[in-house]
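Next come the chains, spelled out residue by residue.
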Amino acid sequence: VDHDATYWELHLYNSTNLNDKITSYSYVGNDRNQTTTQPVSLSAGTYYVKIDHPYYWSDCIYHFRVNTVLNLSLDSNPIAVGGTTRLNVSNNQGGALSFSSSDTSVATIDSSGKITGKNVGTAKIIVKAAATGNSSAISNSIKIQVVGLGATSKLTVGNASNGIKLGWKKVTGASKYIIYRNNKRIAVVKGNSKVTYTDKSTLKNGAKYTYKIVAASDTTTSKTSKSVTIYRLSNEKQSSVKNKKSRKMIVKYGKNAKATGYQIQYSPSSSFSYGNKTVKVKGAKNSAKTISNLTWGNSYYVRVRAYKSAGGKTFYSAWSSKKKIKISK
């Protein structure tokens, strides 16, 4: 303040109407050029300042304008080629928004704020808000990174009653998955979220099969997933289960010449959700097993599957259909 004074008042108004006061501040200083800082939270708009001294009423009114700052965020970043994400805009004071991309060969954005990855690279997403009565036209930008499709991080295989079932973790940006068996393309599964496939081809019992998957979009493909190997074991059939004296039951089932052995599982639960007990039978030629020490009066559900040991791993067939037996002897 360029005046020989020691006490000043600063008044903040919403308009030139001096009755529309927001707040006042007082400060003391005897320098000819006095500086003060007062924190205040203001919305976008134009404000007016008047500085007074008890003996020197100022006729000068100063005005300044507060503009908003657009806050930008992305639901996900980076995204894959062919993938999408959404731009979020906050703190806009009502001005109409427009969107653009600095490089549409890398990423595009539509009028709703949906961003689509086109090619590997980095682009700047630019947002503009039109001027309003309270704010000038403003803009801000945020970077989006577009990466290539990644290979699925998880692939599992298992014998099913009607073939070999595959399952995998979905890949962001993929629109389809290409299935390979023994390095030969056998199927295309369309859709990002469909992550299972059953190979129902004529598969040979006891044969070894290796599967892998490639994720793909309309413009690119991922690296090949890690390969997973399985031995096909035909669906096991349980021929009969009978109660013998002394709380025993004898389970009979079909032989599988390519198996290492069999598993017999019995449970008081029809869904096998609790109380399960499993008996291992070694040898492909065995086709019956007697199980002892059962509880008299109880009912059990019984199922069978074959297993094959190879390369330090164990592979299983699908479970047979279940049979129910009551121990009455």
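Look above for the structure.
Residues numbered from 1 in each chain as written. Predicted model: local features only at pLDDT ≥ 70, side-chain atom pairs only at ≥ 80, totals over all residues. Heavy atoms only, no water.

Caption draft 1: Up close: the sheet that holds strand β18 (residues 208-216). The antiparallel open sheet is built from four strands, whose spatial order is β16-β15-β18-β19. The strands lining the two open edges of the sheet, one partner per strand, are β16 (184-190) and β19 (228-231). Recorded for the sheet is a direction-independent mean angle of 25° between the axes of neighbouring strands. With four bridges connecting them, β18 and β19 associate as antiparallel partners. The partner of Tyr209 across the bridge, within β19, is Ile230. (Pairing = 2+ DSSP bridges. Helix = DSSP H or I, 4+ residues; strand = E, 2+ residues; numbered from the N terminus. Axes fitted to C-alpha atoms, helices over the stretch in contact; angles between N-to-C directions.)

Caption draft 2: Looking closely at the nonpolar core. With 23 residues, the main nonpolar core has Ile164, Leu166, Trp168, Tyr177, Ile179 and Tyr211 as its most contacted residues. Mapped by element, the contributors of at least two residues to this core are β13 (155-160), β14 (163-168), β15 (176-181), β16, β18 and β19. Ignoring sequence-local partners within four residues, the contact set of Ile164 consists of Val157, Gly158, Asn159, Tyr197, Thr198, Asp199, Leu203, Tyr209, Tyr211, Ile230 and Arg232. Counting 19 residues, the second-largest nonpolar core is a separate cluster that includes Val251, Ala284, Ile291 and Ala306. (Core = buried A, V, L, I, M, F, W, Y, C linked by side-chain atoms within 4.5 Å. Buried < 20%, exposed > 50% of the residue type's maximum accessible area, 1.4 Å probe, protein only. Contact = heavy atoms within 4.5 Å.)

Caption draft 3: Geometry of the side chain of Ser317. Within the secondary structure, Ser317 sits in the loop between β26 (313-316) and β27 (323-326). Beyond its immediate sequence surroundings of up to four residues, Ser317 is in contact with Asn159, Leu233, Ser234, Glu236, Arg305 and Ala306.

Caption draft 4: Highlighting the pairing of β26. Pairing of strand β25 (residues 299-310) with β26, which is carried by four bridges, proceeds in the antiparallel orientation. In the sheet register, Tyr307 faces β26, and the bridge partner there is Tyr316. Where β25 folds back onto β26 in an antiparallel hairpin, the turn is made up of two residues, including Gly311, whose phi is positive at roughly 60°.

Caption draft 5: Quick look at the environment of Ala160. As for its placement among the helices and strands, Ala160 is situated in strand β13. Every residue in contact with Ala160, bar those within four places of it in the chain, is listed here: Lys165, Arg232 and Ala318.

Caption draft 6: Quick look at the pattern of salt bridges. Considering all chains together, one arrives at one salt bridge under this definition. Between Arg181 and Asp199 there is a salt bridge whose closest N-O contact spans 2.7 Å. Here Asp199 lies in strand β17 (residues 196-199) and Arg181 lies in strand β15, a separation of 18 residues in the sequence. Residue Arg181 shares its accessibility class with Asp199, and that shared class is buried. (Salt bridge = Lys/Arg side-chain N within 4 Å of Asp/Glu carboxyl O.)

Caption draft 7: Quick peek at the environment of Gly312. Mapped onto the elements, Gly312 comes out in the loop between β25 and β26. Each C-alpha atom of the pair Gly312 and Ser269 lies 32 Å from the other, and the pair is 43 residues apart in sequence.

Purely spatial values, then, with no claim about function.
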